[in-house]
Number of protein chains: 2
Amino acid sequence: MNLKTIKAIGLTALFVVLSEGVFAQSGPVLLLSKKEAAAINSHLKDYKLMGKSFGKIKRTADKALEKKIEVPIPSDNGGGYTHEKHKQNYRELYNAGLAYQVTGERKYADFVEKMLLEYAKVYPGLPLHPMRKQEQNSGKLFWQGLNDCVWLVHGIQAYDLVRENISAGNRTIIERDVFRSMAAFLSESDSGKDTFNKIHNHGTWAVAGEGMTGYVLGDKDMVDRALYGSAKDKKTGFLKQIEQLFSPDGYYSEGPYYQRYALQPFMVFAEAINRNQPELKIFDYRGQVLKKAVNTVLQLTDSKGYFFPINDALKEKNFMTEELVFATNIAYENYNDPAILPVISQQNEVTVSGAGLKAAEAIQQAGKLDYIKNPMVIADGPEGKSGGLSLFRMPTKNKDEQLTAVFKYASQGMGHGHFDRLGILLYNNDKEILQDYGAARFLNVESKSGGRYLDENKTWAQQSVAHNTVIVDEESHYKGDWKAAEKQNPELQFSDISNPETLQITSAVERNAYPGVLMQRTVAMIGAETPFILDIFTLRSDKAHQYDLNFMYSGHIMETAFKYDPAVATLTPMGKTNGYEHLWKLAEGRANVGVSKFTWLNDSRFYTISTMTDANTKLFMTRLGAADPNFNLRNESGYMVRVGDRKDYTFVSVIEPHGSFDPKLESVQDPHSKVANISLLQQDASYTAVRVTFTNKETYTLLFANAATAPNTTHKLSIEGKKYEWKGNYTVIKK
Amino acid sequence: MNLKTIKAIGLTALFVVLSEGVFAQSGPVLLLSKKEAAAINSHLKDYKLMGKSFGKIKRTADKALEKKIEVPIPSDNGGGYTHEKHKQNYRELYNAGLAYQVTGERKYADFVEKMLLEYAKVYPGLPLHPMRKQEQNSGKLFWQGLNDCVWLVHGIQAYDLVRENISAGNRTIIERDVFRSMAAFLSESDSGKDTFNKIHNHGTWAVAGEGMTGYVLGDKDMVDRALYGSAKDKKTGFLKQIEQLFSPDGYYSEGPYYQRYALQPFMVFAEAINRNQPELKIFDYRGQVLKKAVNTVLQLTDSKGYFFPINDALKEKNFMTEELVFATNIAYENYNDPAILPVISQQNEVTVSGAGLKAAEAIQQAGKLDYIKNPMVIADGPEGKSGGLSLFRMPTKNKDEQLTAVFKYASQGMGHGHFDRLGILLYNNDKEILQDYGAARFLNVESKSGGRYLDENKTWAQQSVAHNTVIVDEESHYKGDWKAAEKQNPELQFSDISNPETLQITSAVERNAYPGVLMQRTVAMIGAETPFILDIFTLRSDKAHQYDLNFMYSGHIMETAFKYDPAVATLTPMGKTNGYEHLWKLAEGRANVGVSKFTWLNDSRFYTISTMTDANTKLFMTRLGAADPNFNLRNESGYMVRVGDRKDYTFVSVIEPHGSFDPKLESVQDPHSKVANISLLQQDASYTAVRVTFTNKETYTLLFANAATAPNTTHKLSIEGKKYEWKGNYTVIKK
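As the structure is a computational prediction, the values presented were derived from the model and not from experiment.

Student: Explain the UniProt feature "domain: Heparinase II/III-like C-terminal" (unreviewed entry) in chain A to me, please; I cannot follow it from the model alone.
Tutor: Here the UniProt-annotated "domain: Heparinase II/III-like C-terminal" (unreviewed entry) positions come out as residues 381-614 of chain A. Along residues 381-614 of chain A one finds 5% helix and 49% strand; the C-alpha atoms at either end are 40 Å apart.

Following this line, the structure appears as structure tokens:
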């Protein structure tokens, strides 16, 4: 009996299950039990997804076993040799550990043991990484501490999987010189402890590594610090992160791109907690918010599972990534929610774990599965009171198509947030119709600023004019200062998705993006022959301003129902700063008195934005790419509706998918918009009323109280001699 | 026995099988026999492709039966109501006819009979179509005669399928007032006979309709005129069309986009001929050129079956279109070539015909199928002496990838031809790396010039600068006069694809595109770690010229290994005419003395063009879209290498795919070109020698005799004191 055993025995009753003696009998304690490993082994043929997934892991492990183990002294930046080698090492450790448990072949365990002994030789003596950056927490193996945490999350799982096969002497060495040393560095050193106690996804990776190490080493102190923060005062740590980083609806304020990344440590550590301290009921914590977090991030995707690219987001990421394979498997295991199975089926792989076993079994027994994407109103902020997002979704006439509008009135999302208050996006299945640029970055491409965020991420992608919203006086929201923006958020006025076939509606207000200007946007998706968007954007100010309603559309211009002057022989930019300097002015349109229409083709559908305009409205067709000396920007297309010198103004637009274009059958239908008229019937401090008339004489009249009102409040309005009365915030009259 | 029967009996022995009496017993005579129809019926469940395909046809027929039959008096242009209605009618006739034969249910036959009787009421009295155009042959049902021919090809098949179910009296009416009347109009009227006797795809539709009508009506005269021309002198007609319109390699001079369309009447009529006059051995005619025509058009596609968009071509067309479903099914039935089965499998439908039955059976019995795309050297011209195309194909390191280069030195292709002499295209699977704009047209989109070819098709798409070739003095080849260009074609000097893993090479000369300028391009795909293209473009002239080597690449600029001055605040066009007016000048580069490199990213691969340059070379980055007031053009990207004031000049370039970009795994490899040096060792009237050196010190030295030489000729060259000797046109030395 060594010191550790004595210590384990000394733990409270709660932790007796973690003691050395129990370990020796029961095998791994984290994500895969001995029994589950045996079950996986016996089902490799009949659970196809598991067979495939384990096959891949075993091949990686087999390849690793053929090569010489190498634990280089860390020297390189991200993408460099030692960086990539240590990443590869933790993957190989983990895969070999899994291969050992499932096959029982000791060679895999021996490999893990050997590599960990190599790490034990060098790790304690390593200084801070030579390529560390001032603004970023340093690691020892990697330039930033985050990667060291990711190493630990994988490394400790690998050790957990093979520990039973390691002699007591070597265990002592490995635990002391690798895991305790690393955990201490990441949680207690000057370099690590700030991150460890941060309410931030980097902190989640840190506590996950520490906490899982605690379970494997039977160290209650480590576990407690992971759960409750360094001071164990519950002001930081994992539970606090769960409370603070997600809204009650499971939204993560940085947006789905970062939520994807953060979910892995959240779900993996929760799984380890649940297996070791089931009494904590971690999966029920805060109203099952982890379930909601998984569900919400999966719903925040287009029809192919690509995340809506709000804030700094790369468009190439979808829910097939490894992070979300862990998340969906663990969510399915613990919540038994069959709604998630179609995603697991699309992911087309499972984790080799207890959760993966259960998921693979369920998929094997399920038939063809479609993941249902629902309309949702998602609150942001730890209290659910910091604005949010609305997802409107309706099928079009073509049953395979789903029209999705994203209306964003969420909080800033910290340094990765964009100045896109009250912005919208529009998708038809996976086609971006009104798009968000996402982040300006070519991840890891050395020729593009070393693969980091490009300068144009700040000068274009984060600016308001890069989004489908209103820009006042050509200045971005909050003057582009994210710290100022972080303090304020839009407010939801009302929303209703209770009759999703007929109407989905949200109205939100932003009071602080521009001093003295109140912005209110009301967006409705209305069920018609083909569903359309009614978009009402009101600006109120005591002073006169220029208001630009911008649409970054995706597709090819088909026609305009207004005259314009094209720039055929010289192009100049739209402005000098705040993103305007990046837009070439392709044409300036002369707006109609009445409605001005702009039609484009995207894939097999036509889309028209019809906007109420007068003779003073200016229209612009733009293209991204000016002031781009390094060719960093994609050359996307914009359409802008501008009014100048106004105090109060309301933009009323209809965004309408219509017709079809089938080059295979050479058939084209309805290439022209069917909107005949748009009128603003009323607009004052209390009420807004608009009417859309289609060419078939159908009209839709939307009336609403601007501010939130109780559901039972009766509203009365008299317009053009006609009296309207309704209960609740809004009504729509179709005739 | 009516008049027709008497006439039938009066035919020669050859045509006895076509007589009324035989018809009554044997059912349809064209593409589907009674026996085949019965076999289809009994295999609807087990031949999945047939079940699916027939299901679709029956649903269309069922839907048609529910509606009132309507045969409107023709009045509308393409896309208009009567136009679309008559198109719909022939489809419904055909589908109902098929449904009748396969199910035996008379309601389908009755529908066909009724609709044809409606046509019989109006057709004979119809005048020429009111919307006919001067330059185009007029129809009666449609604005152009071509569509009437297509109606007849479908209508006569429908009648053939149900004729057995129609009373003698109604047959007389239908045959006289629909089919004879229409056939006479299309083959004998002033409006029709020119097209009927044209060696052109419109003529093929005409003779196919006439000839098939002849078989069904038992009219030898009609059949003979279809086969041998109006005068039956074999100077025109179907056989002459087969001789003239295809090269011996089965290439159709208008290019694959039009070849796709032309193949339907060729194959359908050939099938009808073979079933009625097997002694003509039509499928063996001219060395089985119809087999080659099908094979060649299928090979002229990217990895997803999209046709290389040379000449006026829309990029949306692939080999899944209906025309090619007929073609592949009939080709498989008659040539038994299993190589074609993967295409039928990808088409995922079959025709309901004897050919379709055989194809569906074969697919049902086959395993997983991959269509093999080969390197090919395809001769153009009826004699195979009018230049041609080379297709180079090699797998890359990633085994699922095939790099394909298309080198075009074919004839003009008549009025739809582009001025792209010695142009190249480059594909990686279905990704366009160096692209052809194709046609400037939004087919059938009324808002875009009524769906016809746009003005920009002439001002941009057909111009030389829209292609990857050399433009002399900013003037298009043949000054953009297709009739002048039609008289001349490039000449193949040599080509070799006999060792496809190592090297695929072609050299061709164009002597007439510019008076006094000889153009020779030699293109080689060379097997290396990743295959690369070596591109040598030589210009020779007694007078000084400006030479522009243009590349219309597809993707995002990653880096350049030369300095450039970007146009950040004003864009101006590259020129005033010949397509240059449509290109914005984004940047002007200062070429290196040595090699200038230009790198872009397309999907998951980097590509670099490295060109030998000197201090006087100018480099331009361009974007399409200037002088485009109606936003008709796509905004594609160009890179141009320019030398001015030269008599003889040789551009030597390496086009090199390299590295990878995997946003899912966040990994990037080899983003930089590996070309270290390019040198032109020798260039005179007789010989060319170039050397490429890579960063790993590997060198490739290509030496060739410029003009075609006999395979046994020995060539000797002394360069830098070193002696080279080789047999045949060229040699490559790798070190």
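Student: What is the right way to read the interface of chain A and chain B from this model?
Tutor: Interfaces are often described in size by the accessible area the parts lose on coming together. Listed by partner, the interface residues are 52 residues for chain A and 53 residues for chain B. Carbon and sulfur atoms make up 61% of the surface buried where chain A meets chain B, a total of about 4100 Å² over both sides. Looking only at chain A, the three residues that lose the most surface to chain B are A:Phe631, A:Lys664 and A:Glu666, adding up to 17% of its buried area. Here chain A and chain B share two salt bridges between them.

Student: Is there a simple way to think about the sheet that holds strand E27 (residues 730-734) of chain A in this case?
Tutor: For sheets, the rule is that strands pair by backbone hydrogen bonds, running either parallel or antiparallel. Residue and element names in this part refer to chain A. Reading across the sheet, the four strands line up as E22-E23-E24-E27 and stay open at both edges, with antiparallel pairing between neighbours. This sheet does not close on itself; its edge strands, each paired only once, are strand E22 (675-683) and E27. Direction aside, the axes of adjacent strands within the sheet are offset by 10° on average.

Student: Can you help me understand the side chain of B:Lys85 in this one?
Tutor: Position of B:Lys85 relative to the elements: it lies in helix H5 (residues 81-103). Here B:Lys85 occupies a buried position and makes no salt bridge, while the nearest side chain of opposite charge, B:Glu70, is found at 4.1 Å.

Student: What am I meant to see in the pairing of strand E7 (residues 491-499) of chain B here?
Tutor: In the case of a regular strand, side chains alternate between the two sheet surfaces. Residue and element names in this part refer to chain B. Of the strand pairs in this sheet, E7 and strand E8 (residues 503-514) are connected by six bridges, and their pairing is antiparallel. Among the inter-strand pairings, Glu491 is bridged to a residue of E8, identified as Val509. Taking the residues that link successive antiparallel strands as the turn, the E7-E8 hairpin has three residues.

Student: How do you make sense of the packing of helix H4 (residues 48-66) of chain A against helix H17 (residues 354-365) of chain A when you look at a structure like this?
Tutor: Two numbers describe a pair of packed helices, the interaxial angle and the distance between the axes. Residue and element names in this part refer to chain A. Interhelical geometry of H4 versus H17 gives an angle of 135° and a closest axis separation of 7 Å. Taken together, H4 and H17 sit at an angle that is classed as oblique. Each of Lys48, Leu49 and Met50 in H4 lies in contact with H17, whose residues at this interface are Gly356, Leu357, Ala360, Ile363 and Gln364. Split by residue class, the contact of H4 with H17 holds five nonpolar, two polar and one charged.

Student: I'm lost on helix H6 (residues 106-122) of chain A in this one. Help?
Tutor: Each α-helix turn comprises 3.6 residues. Residues three or four places apart therefore point the same way. Residues and elements named next belong to chain A. Taking 1.5 Å of rise per residue, 17 residues should cover 24 Å, and H6 covers 25 Å from first to last C-alpha, within 8% of that figure. The set of residues buried in H6 consists of Tyr108, Ala109, Phe111, Val112, Glu113, Met115, Leu116, Tyr119 and Ala120. In this structure, the buried side of H6 is in contact with H4, helix H5 (81-103), helix H7 (145-162) and helix H8 (168-188).

Student: Whenever I open this one, the pattern of salt bridges confuses me. Can you help?
Tutor: Any two side chains of opposite charge can pair, so long as their charged atoms come close to each other. For the structure shown, the criterion picks out 80 salt bridges over all chains. Salt-bridge contacts for B:Glu349 lead to B:Lys56; the nearest nitrogen and oxygen are separated by 3.5 Å. Placement of B:Glu349 in the loop between helix H16 (341-347) and helix H17 (354-365) and of B:Lys56 in helix H4 (residues 48-66) is noted, with a sequence separation of 293 residues between them. Of the charged contacts, one joins B:Asp614 and B:Arg646 as a salt bridge, the two residues approaching to 3.4 Å between their closest N and O atoms. Taken together, the residues B:Asp614 in the loop between strand E16 (605-613) and strand E17 (618-624) and B:Arg646 in strand E18 (residues 637-646) connect sequence positions 32 residues apart. One network of salt bridges, with partners in common, ties together A:Glu188, A:Glu210, A:Asp221, A:Arg225 and A:Lys232.

Student: So what exactly am I meant to see when it comes to the packing of aromatic side chains here?
Tutor: For any pair of aromatic rings, the description rests on two quantities: the centre-to-centre distance and the angle between the ring planes. Residues and elements named next belong to chain B. Within this structure, the stated rule accounts for 57 aromatic pairs over all chains. Both rings, one in Tyr119 and one in Trp151, keep their centres 4.7 Å apart while their planes meet at 55°; by these two values the pair is tilted. Taken together, the positions of Tyr119 in helix H6 (residues 106-122) and Trp151 in helix H7 (residues 145-162) put the pair 32 residues apart, joining distant regions of the chain. When its relative accessible area of 0% is taken as the criterion, Tyr119 is described as buried. For Trp151, a relative accessible area of 0% puts it in the buried group.

Student: Just checking my understanding: could you explain the nonpolar core for this structure?
Tutor: As a rule of thumb, soluble globular proteins bury nonpolar side chains together. Membership of the largest hydrophobic core comes to 150 residues, with the highest contact counts inside it found for A:Trp460, A:Phe651, B:Trp460 and B:Phe651. If we ignore the near neighbours within four places in the chain, the residues touching A:Trp460 are A:Tyr437, A:Val465, A:Ala466, A:Met552, A:Gly579, A:His582, A:Leu583, A:Leu624 and A:Leu633. Counting residues in each nonpolar core, the second largest holds 118 residues, with B:Leu186, B:Leu290, B:Phe319 and B:Ala331 among its members.

Student: Please clarify how the confidence of the model for chain A should be interpreted in this entry.
Tutor: Parts of the model with low pLDDT should not have their predicted coordinates read in detail. All names here are of chain A. Summarising the model, chain A shows a mean pLDDT of 94, and 96% of its residues fall at 70 or more. Residue range residues 1-25 is modelled with pLDDT below 50. Its contacts to residues more than four positions away, or to other chains, number 35 contacts. Interface predicted TM-score (ipTM) for the complex: 0.91; the corresponding pTM is 0.92.

Student: Sorry, what's going on with the relation of the copies chain A and chain B here?
Tutor: Between the two chain copies there is a screw-like relation: a rotation about an axis and a shift along it. Between chain A and chain B, which share one sequence, the superposing operator has a rotation angle of 179° and an axial displacement of 0.2 Å; the RMSD is 0.2 Å. Such values leave the two copies arranged in the relation of a two-fold axis. Distance from the rotation axis, computed per C-alpha, reaches its smallest value in chain A at A:Leu571: 2.5 Å. Of the interface residues in chain A, 100% have counterparts in chain B that sit at the interface too, so the contact is made through matching surfaces.

Student: Explanation requested: unusual backbone geometry in the structure shown.
Tutor: Most peptide bonds take the trans form, and the phi angle of most residues other than glycine is negative. Residues and elements named next belong to chain B. Look at Lys479: it is not a glycine, yet its phi comes out positive at around 50°. Tracing the sequence through the fold places Lys479 in the loop between strand E6 (470-472) and helix H19 (482-486). A positive phi angle, near 40°, is found at Asp670, a position not held by glycine. Relative to the elements of secondary structure, Asp670 occurs in the loop between strand E21 (667-669) and strand E22 (675-683). A relative accessible area of 33% means that Asp670 is categorised as partly exposed.

Student: Please explain the packing of helix H15 (residues 322-335) of chain B against H17(B) as it appears in this structure.
Tutor: Residues and elements named next belong to chain B. Their axes nearest at 8 Å, the elements H15 and H17 cross at an angle of 80°. Between H15 and H17, the crossing angle belongs to the class labelled roughly perpendicular. Of the residues in H17, those touching H15 at Asn329, Ile330, Tyr332 and Glu333 are Gly354, Ala355, Gly356, Lys358, Ala359 and Ala362. Among the residues forming the contact of H15 with H17, the class breakdown is five nonpolar, three polar and two charged.

Student: How should the sheet that holds strand E19 (residues 649-658) of chain A be read in this particular structure?
Tutor: Residues and elements named next belong to chain A. Taken in spatial order, the eight strands line up as E7-E8-E9-E10-E19-E16-E15-E12 in an open sheet, and their pairing is antiparallel. Two strands bound the open sheet, and with one partner strand each, they are strand E7 (491-499) and strand E12 (556-560). Strand-to-strand twist of the sheet, defined as the mean angle between neighbouring strand axes without regard to direction, takes the value 15°. Looking at chain direction, strand E8 (residues 503-514) and strand E9 (residues 517-526) are connected through nine bridges and run antiparallel. Counted as the bridge partner of Leu503 is Ile526 from E9.

The rules we used
Residues numbered from 1 in each chain as written. Chains lettered and ligands numbered in written order. Predicted model: local features only at pLDDT ≥ 70, side-chain atom pairs only at ≥ 80, totals over all residues. Heavy atoms only, no water. UniProt positions renumbered as here; feature names shortened; annotations may be inferred. Helix = DSSP H or I, 4+ residues; strand = E, 2+ residues; numbered from the N terminus. Contact = heavy atoms within 4.5 Å. Buried area = accessible area lost by both parts, 1.4 Å probe. Salt bridge = Lys/Arg side-chain N within 4 Å of Asp/Glu carboxyl O. Pairing = 2+ DSSP bridges. Axes fitted to C-alpha atoms, helices over the stretch in contact; angles between N-to-C directions. Buried < 20%, exposed > 50% of the residue type's maximum accessible area, 1.4 Å probe, protein only. Lys, Arg positive; Asp, Glu negative; His and termini not counted. Parallel < 35°, antiparallel > 145°, perpendicular 65-115°, else oblique. Nonpolar A, V, L, I, M, F, W, Y, C, P; charged D, E, K, R; others polar. Expected span 1.5 Å × (residues − 1). Phe/Tyr/Trp six-rings, centres within 6.5 Å; stacked < 30°, edge-to-face > 60°. Core = buried A, V, L, I, M, F, W, Y, C linked by side-chain atoms within 4.5 Å. pLDDT = per-residue confidence, 0-100. Least-squares fit on C-alpha atoms with pLDDT ≥ 70 in both.

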